[in-house]
Structure formats: structure tokens, C-alpha cells
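Chain by chain, the residues:
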Amino acid sequence: MDIAYPLTITYFDASGASTQVPFADDNALYAFLSNLDPSAALEINYPVTVVDATGASVTIHNNDELETAIETAALACNGDGDNNGDGDDDDDNDNDNDNDGKVTGH
């Protein structure tokens, strides 16, 4: 499951003051979460759009729908990294540059 950015999160510091923090990509979100104050609280600003394993866009309106989407994504992932059923591990490290299912040498 991939987030379709932009995504906005409301950040509450230890004193309860809130700030809306927008994110444009995974790197920005990861950097923010990696440096998060443990006493902070976060709230996702819904709706959020995600792209599921089939490539379909799904709009999520609340935490319950997000939980369901995560559970569904986990069930779709069979642990071999091949999330789209084409036989490769979807990590772009297989030298299959033309996505024909054939691995080429260096």
C-alpha cells in the first residue's frame, strides 16, 4: 500500500499546541517520524488516498478504514516481495529493466 501524497498530519506537542505538518513524499514523512518527540501526539488529517496492491486508489476517511486497509494490504503480501504477481521481488534490483519477467546479466 502506498500513500498518494500530499498527506497532512496534525502534530500536538507536550503542551498541547498543534501544528499542521504537510508531507510531499515518503522521505519527508520518514524524516519527521524518525525525529519525533516521544511526548508528541499525531492526528492524520483525513481523507487520505492510498494505492493498493492492485494499483487501485482507495480513499480513507478515518482510523477504522485505515486499519482495514493496512490489514488488507498485509493479507495481499505473501512475504516474497512479489506484490504484483509478476514473479520478481518488486525491489528493482533484479535487472529486469524492461519488466518482461526476464533477468538480464551485468
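The structure this text deals with has already been given above.
These figures come from a predicted structure and were not determined experimentally.

## Details of the overall build of the chain
Here is step 1: Along its length, the chain carries two helices and six strands.
Here is step 2: Each helix (α) and strand (β) of the chain, taken in turn from the N terminus, gives the series β-β-β-α-β-β-β-α.
Here is step 3: Each of the 106 residues in the chain was classed as buried or not, and the buried ones make up 17%.
Here is step 4: For the chain, the share of sequence-separated contacts (at least 6 apart) that also reach a separation of at least 24 residues comes to 33%.
Here is step 5: Accessible surface computed for the chain: about 7,500 Å², of which carbon and sulfur atoms make up 50%.

## Brief notes about the layout of surface pockets
Here is step 1: Approximately 190 Å³ is the volume attributed to the largest pocket.
Here is step 2: Taken together, 13 residues form the lining of the largest pocket, with Asp 52, Val 58, Ala 69, Thr 72 and Ala 73 sitting closest to its centre.
Here is step 3: Among the secondary structure elements, those contributing two or more residues to the lining of the largest pocket are β6 (57-60) and α2 (63-76).
Here is step 4: For the lining of the largest pocket, the element with the most residues is α2, which contributes five residues.
Here is step 5: For the lining of the largest pocket, the per-class residue count stands at eight nonpolar, three polar and two charged.

Calculation notes
- Residues numbered from 1 in each chain as written.
- Predicted model: local features only at pLDDT ≥ 70, side-chain atom pairs only at ≥ 80, totals over all residues.
- Heavy atoms only, no water.
- Helix = DSSP H or I, 4+ residues; strand = E, 2+ residues; numbered from the N terminus.
- Buried < 20%, exposed > 50% of the residue type's maximum accessible area, 1.4 Å probe, protein only.
- Contact = heavy atoms within 4.5 Å.
- Areas by Shrake-Rupley, 256 points an atom, 1.4 Å probe, with all protein chains shown as cover.
- 1 Å grid on protein atoms, 1.4 Å probe; cavity = no way out; pocket = protein on both sides within 12 Å on 5 of 7 lines; lining within 4 Å.
- Points joined across faces, edges and corners; volume = space filled by probe spheres on them.
- Nonpolar A, V, L, I, M, F, W, Y, C, P; charged D, E, K, R; others polar.

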